[in-house]
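If you want the building blocks of each chain, they are given just below.
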Amino acid sequence: MAQLEDLVSQVWSPSTRPLVEEAWRCYNSGAIRASIAATWTAVTADIITKLTRLADDGDNAAVPFRDEVARARANGLTREGVRAMQNIEATLLDKAASLELIDTIGVRELERIREDRNLCVHPSLRGDGDVYEPRPEVARGHLAVALTTLLTHPPIQGGKVLEAFTAYICDPLFVPTLPHIRATFFDRVRVATRRTLARFAAKHAVLEIGPIGQLPAAEHADRMAAALRAFAGRDRELVREVVAEQRDKFHVLGGGPQLRALTRLGDQDYFWGLVDEPLTERLREMLVAPAPVAWEPLPVDVTASLALVRSPYVRERIPSLVTRFDALSTFHRMAVVEASPDPYFVPMVAALLKEAVNYRMGERAGRILVQHAPFLTVEALGAALAAWYDNKECRHATDMPEFAVALFHGTTHLGPAGAAAFVAFLTKVQEHEEPGTYYSYPGLDTALQTAGYPPPHRPMAPRPPLQPSSDRS
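Residues numbered from 1 in each chain as written. Predicted model: local features only at pLDDT ≥ 70, side-chain atom pairs only at ≥ 80, totals over all residues. Heavy atoms only, no water.

Caption draft 1: Main features of the side chain of serine 305. When you line up the elements, serine 305 lands in helix 17 (residues 300-306). The class for serine 305 is buried, based on a relative accessible area of 6%. Apart from the residues lying within four places of it in its own chain, the contact partners of serine 305 are Thr263, Leu287 and Leu321. (Helix = DSSP H or I, 4+ residues; strand = E, 2+ residues; numbered from the N terminus. Buried < 20%, exposed > 50% of the residue type's maximum accessible area, 1.4 Å probe, protein only. Contact = heavy atoms within 4.5 Å.)

Caption draft 2: Inspection of the state of the cysteines at higher detail. Evaluation of the coordinates by the stated rule reveals 0 disulfides. Cysteine 26 carries a free sulfur, and the closest cysteine sulfur to it, the one in cysteine 120, is 11 Å from it. On the basis of relative accessible area, cysteine 26 is assigned to the buried category, the value being 14%. (Disulfide = S-S within 2.5 Å.)

Caption draft 3: Representation of the side chain of threonine 149 in the model. By the secondary structure assignment, threonine 149 is in helix 8 (residues 136-151). Side-chain polar atoms of threonine 149 contact the side chain of glutamate 109, separated by 3.4 Å. Excluding residues within four positions of it along the chain, threonine 149 makes contact with Leu101, Ile102, Gly106, Glu109 and Leu110. (Polar contact = N/O pair within 3.5 Å; in protein donor to acceptor, adjacent residues only side chain to side chain.)

Caption draft 4: Up close: the pattern of salt bridges. Counted according to the given criterion, the structure contains 24 salt bridges. Its salt-bridge partner being arginine 234, residue aspartate 187 comes within 2.9 Å of it at the nearest N-O pair. Of this pair, aspartate 187 sits in helix 10 (residues 178-187) while arginine 234 sits in the loop between helix 12 (217-232) and helix 13 (236-244), placing them 47 residues apart in sequence. Aspartate 267 is the partner of arginine 310 in a salt bridge, and the nearest nitrogen-oxygen pair spans 3.4 Å. Taken together, the positions of arginine 310 in the loop between helix 17 and helix 18 (312-317) and aspartate 267 in the loop between helix 15 (255-265) and helix 16 (277-287) put the pair 43 residues apart, joining distant regions of the chain. What you see here is one network of salt bridges that share partners, running through Glu208, Asp222, Arg260 and Arg264. (Salt bridge = Lys/Arg side-chain N within 4 Å of Asp/Glu carboxyl O.)

Caption draft 5: Quick peek at the packing of aromatic side chains. Per the stated rule, a full pass over the model turns up 16 aromatic pairs. An angle of 70 degrees between the planes, with centres 5.6 Å apart, marks the rings of tyrosine 344 and phenylalanine 345 as edge-to-face. Judged by relative accessible area, tyrosine 344 falls into the partly exposed class, the value being 23%. Relative accessible area serves as the criterion here: at 0%, phenylalanine 345 is assigned to the buried category. Ring pairs connect the aromatic residues Phe165, Tyr168, Phe174, Phe185, Phe186, Phe200 and Phe231, which therefore count as one cluster. Residue placement shows arginine 194 over the ring face of phenylalanine 186; its charged tip is 4.9 Å from the ring centre. One residue, arginine 395, lies across the ring of tyrosine 389, its end atom 4.9 Å from the ring centre. (Phe/Tyr/Trp six-rings, centres within 6.5 Å; stacked < 30°, edge-to-face > 60°. Lys NZ or Arg CZ within 6 Å of the ring centre and 35° of its normal.)

See the structure below:
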């Protein structure tokens, strides 16, 4: 029941939503006949609103319908106006199907609601004068069908929703916000359209097919991979199927696109349905590149491929990548971990803090620790703070006092136990630093006190008496 109530709150049209809420209230109060009638009223109002919206947005096929509705409304409650609206209602579902608001299956399901509505409001339709008594589950089923088939969907379907999806992916201001992608292009479209969109995203993400003149193919594929992740959050099996459909074409791609696809999707289980053992061996050989030159930055593509070590799927199939990552210098490991924060790297963060050999590396290790704040446990936080304190290159790096405050706010999920680790860290710092100075971490002190965790301050040592200056005259 809670799920159906959630769908009621997701009705697309604000003008239709009160009608749907009325149908829901009637059902809950036992007014089953009224619930079915209100559900059909919501369906008709919603279709008229959406077809009018399409006409206003420039869909020429919807313009005659909008004009027909306008003429009927102009006649008002006259005999001609009522007859005109009855004629519109008689063909409403077919018109909605022709303009891709619903498909033929949707027409059939919504037609049943209309038939039952007619039985509810016209008792004379039943023989022997018996009044139709609908069962509660019938009303609930009709409301569920109306919501999932029509009412929660925007007025774009089929080819139009595919066009909208393509435009969204190619938007210069694209941001991979997975909940938004999932809600807009999966939750609110028909089941058949979901498969179309998922297959479209899989094809472009795996085969690196780019839109002509809009985006580089690799960047477009990265965005499509984000859409696949969003869709997989709702239906992982569907995504697994549409990705597997690209197997034959993927196997004959060049090494560059294959390696980029591995980097893009290798941390997802559905990618490995594409890869057999011979192709796994090929990918393994491509990943084993020459060792990087010390203190030279890693190329972006090499950093991304090494970051795949975070994926259990990659570690299982390409264990040599673990060996290669472990052999990296601290400088290069920092680059990899910084590029792809992940729970897998949490045990390594304390080691990076210990191994920092200068202030710049200390700051970089601190930044990495802040990135991994959501993944930290109390034990991992304590180990990281201990390594931070023990390494002067970290403790006295310029940005570290600010990072300490950011880390404290980023680990609120650890509760009092996490705060106790910060209190212990600050207490040790204040024992060795001049009180009130920048490297006594006053910002962290303030943050702890504000949150109700005041650290025990050591008393200030008495200042020695001033000695009189000697007379040089």
